[in-house]
Amino acid sequence: MKTIKKIPYGESDFIKIQNKNYYYVDKTKYIKTIEDSPSFLFLIRPRRFGKSLFLSILECYYDINYKQDFEKIFKNTYIGKNPTGKQNTYLILKFNFAVIDPKIENTKESFLLYGNRIINKFVQKYNKFITEEQKQEIQKSDVFFHKLGLLFDYGSLNNFKIYTIIDEYDNFTNSILA
């Protein structure tokens, strides 16, 4: 008896969708188009259109930490059968601005605290690419933009590529404007 696939309404974790055998419309053929596009892209689509899920796909595709699992994650996809050569070659710096407090009196502090937390998680996740001294310098700073600058500087010095993904980039600003 064939199992009926569930619809992943509101689910944006690509690995979970693949592992739990959710219904999924493959959009991985667009990864090549993105690689052939300018360096900075905005994905503008209506709510519930799959933007966060697509960013999760990009994260899984490009993240060097998923290299061992590439076949398993992308086995039934276009990109799994037609990889671009850039798969699993980046360190992923992913922000989700939906967690920023949109109350105008809290936004700046919330943004900076969140940014610091993401940089610290990044350093832990990719610790084998960053020297101990560099980690300590990044983590001792409380200033988000200083940490971010150090991270990109060390990426350049250590010859690793950082792929930056920002989800819900307009979330808190739309709340403030409304």
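Below, the structure is looked at part by part.

What counts, and at which threshold
- Residues numbered from 1 in each chain as written.
- Predicted model: local features only at pLDDT ≥ 70, side-chain atom pairs only at ≥ 80, totals over all residues.
- Heavy atoms only, no water.
- Salt bridge = Lys/Arg side-chain N within 4 Å of Asp/Glu carboxyl O.
- Helix = DSSP H or I, 4+ residues; strand = E, 2+ residues; numbered from the N terminus.
- Buried < 20%, exposed > 50% of the residue type's maximum accessible area, 1.4 Å probe, protein only.
- Contact = heavy atoms within 4.5 Å.
- Expected span 1.5 Å × (residues − 1).
- Polar contact = N/O pair within 3.5 Å; in protein donor to acceptor, adjacent residues only side chain to side chain.

### Some points on the pattern of salt bridges
Within the structure shown, the criterion is met by six salt bridges. In this structure, the salt-bridge partner of K125 is E59, at a minimum N-O distance of 3.9 Å. Taken together, the positions of K125 in helix α6 (residues 107–125) and E59 in helix α3 (residues 51–62) put the pair 66 residues apart, joining distant regions of the chain. With relative accessibility at 15%, the residue E59 sits in the buried group. Notably, a salt bridge pairs D63 with K125, separated by 2.9 Å at the nearest N-O pair. Taken together, the residues D63 in the loop between α3 and α4 (70–74) and K125 in helix α6 connect sequence positions 62 residues apart. A relative accessible area of 0% places D63 in the buried class.

### Some remarks on unusual backbone geometry
A positive phi angle is found at N21, which is not glycine, with a value near 60°. As for its placement among the helices and strands, N21 is situated in the loop between α1 (14–19) and α2 (30–35). Backbone geometry at N88 places phi at a positive 55°, although glycine is not the residue there. Assignment of secondary structure puts N88 in the loop between α5 (78–81) and β1 (91–96). Taking relative accessible area as the criterion, N88 reaches 2% and is therefore assigned buried.

### Here we look at the side chain of T107
By the secondary structure assignment, T107 is in helix α6. T107 has contacts with I100, D101, P102, F172 and I176, leaving out every residue within four places of it along the chain.

### A word on α6
Compared with the 27 Å implied by 1.5 Å per residue over 19 residues, the 26 Å span of α6 between its first and last C-alpha is a close match. Looking at the packing, one finds that the buried side of α6 touches β1, α7 (132–140), α8 (144–158), β2 (162–167) and α9 (171–177).

### Examining the side chain of S141
Its place among the elements puts S141 in the loop between α7 and α8. Within polar-contact distance, the side chain of S141 engages the backbone nitrogen of V143 at 3.2 Å. Not counting chain neighbours up to four residues away, the residues in contact with S141 comprise H146 and K147.

### Thoughts on α3
An α-helical turn contains 3.6 residues, so any two residues separated by three or four positions project in the same direction. Given a rise of 1.5 Å per residue, 12 residues ought to cover 16 Å, and the 17 Å separating the end C-alpha atoms of α3 matches this to within 8%. Of all 12 residues in α3, 11 are buried; the element is thus mostly enclosed. Taken as a whole, α3 has its buried residues at S52, L53, F54, L55, S56, I57, L58, E59, C60, Y61 and Y62.

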